[in-house]
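The primary structure of each chain is shown beneath.
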Amino acid sequence: MISVSEACTQIDPRLTFAVYDFEAYLPISIRTWVDTQLRNLRITLIENGILADTSSDPSASESKAVTDARTRLSSAKNDLDSQRNDLNSRTEDLSKDYGPDDVFRALKGQCISTDSGEYTYEFCFMERTTQKPKKGGGNTSMGSFVRIDRIVVDEDLPADGRGLGSGERIAMRHENGQHCWNGPNRSTTVILACAEKEEIWKVFEEEKCVYRMEVGTPAACEVSTGKLNKEGGKVRDEL
Ligand code: MAN
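Keep in mind it's a predicted model, so treat the numbers as computed, not measured.

Considerations on the state of the cysteines
Logical step 1: One pass over the full model with this rule turns up three disulfides.
Logical step 2: Sulfur-sulfur distance for the disulfide between Cys 180 and Cys 209 comes to 2.0 Å. Across the S-S bond linking Cys 180 and Cys 209, the dihedral sits near 60°, which makes this disulfide right-handed. With Cys 180 in the loop between β5 (166-175) and β6 (187-194) and Cys 209 in the loop between β7 (199-207) and β8 (210-217), the pair connects residues that are 29 residues apart, well separated along the chain. By the burial criterion, Cys 180 is buried, and Cys 209 matches it.
Logical step 3: Paired by a disulfide, Cys 194 and Cys 221 hold their sulfur atoms 1.9 Å apart. Taking the torsion about the sulfur-sulfur bond, which here is approximately 90°, the covalent link between Cys 194 and Cys 221 counts as right-handed. Here the residue Cys 194 occupies a position in strand β6, and Cys 221 occupies one in helix α5 (residues 218-230), the gap between them amounting to 27 residues.
Logical step 4: Given a relative accessible area of 22%, Cys 194 falls into the partly exposed group.
Logical step 5: Judged by relative accessible area, Cys 221 falls into the buried class, the value being 17%.
Logical step 6: Sequential numbering of the bridged cysteines in the protein gives the disulfide pattern 1-2, 3-5, 4-6.

In structure tokens form, the structure reads like this:
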């Protein structure tokens, strides 16, 4: 049993002096009654979050109301942090070049692949190019997307239309892929031309670990039907 003065101290330290002498003069039955009342009062105060519950953890010095408020504050802070991160990544994304009129934004992360020679090649729009040996083994990075350029090509267009043709084309540069033994870090230029659907037409290794992919996409049709002209490009649209 805690003494009346101890119980009072836990409720309010200023009560110690007031009850210290008084308690000694009380008959035991009344002391027990006062003690029970104080216990009940203490329990009520703890249950209502006004007083800290130090019975199981003597070092606890916060009331439930304060602990609850602290938990709410910490969760609001986490929420704010995640919204800030989200805003930062959206702001960063808005400043990225997704091509004329952002035509490649909708394709971001879409991947297409084809087999060529000993490898399967994959191109993920606005992200990366990779090479994977057909007979098994891990992926080799052929570069991460860095920027969109325009290059002039001059090639015969195959009868099926699946080729670059000639004129100015969008080129997506991918750099800093896996280091090539005795050579550079792998890099890839993906050249885009108009097609009915996304597909890789050809893959070349122009020099050791420097790759070129020719890719068809409807997004390149939008670009070649005037958007480049508006910006002063000299497109000869032969598709
Ligand atoms: C791998 C592939 C090839 C490349 C060689 C260079 O075999 O990535 O494309 O030419 O490594 O050692």
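A look at helix α3 (residues 28-47)
Logical step 1: Spanning 20 residues, α3 covers 28 Å between terminal C-alpha atoms, matching the ideal 28 Å at 1.5 Å per step.
Logical step 2: Just downstream of α3, Gly 49 is the residue with a positive phi angle, here 75°.

Considering the confidence of the model for the protein
Logical step 1: Of the residues in the protein, 84% reach a pLDDT of 70 or more, and the chain-wide mean stands at 86.
Logical step 2: When pLDDT is averaged over each helix and strand of the protein, the minimum, 59, is found for helix α1 (residues 4-11) and the maximum, 98, for strand β2 (residues 119-124).
Logical step 3: Predicted confidence for residues 225-239 stays below pLDDT 50, and this span has 25 contacts to residues more than four positions away or in other chains.

Cut-offs used in this document
What you see as residue numbers is a count from 1 along each chain, following the sequence as written. It should be noted that, the model being predicted, local features are given only for residues of pLDDT at least 70 and side-chain atom pairs only at 80 or more, the latter also being counted only at that level, while totals for whole chains, interfaces and linings use all residues. Hydrogens and water molecules were not included; the side-chain quantities draw on all heavy atoms of the structure. Pairs of cysteine sulfur atoms within 2.5 Å are identified as disulfides in what follows. For helices the rule is a DSSP run of H or I covering at least 4 residues; for strands it is a run of E covering at least 2, with both sets numbered from the N terminus onward. Per-residue accessibility, obtained with a 1.4 Å probe over protein chains only, is compared with the maximum for each type, and a residue is labelled buried under 20%, exposed over 50%, and partly exposed between these values. Here, expected helix span is obtained from the residue count minus one, scaled by 1.5 Å. One confidence number per residue, pLDDT, is output by the predictor and ranges from 0 to 100. Residue contacts follow a heavy-atom distance rule, with two residues in contact if any of their heavy atoms lie within 4.5 Å.

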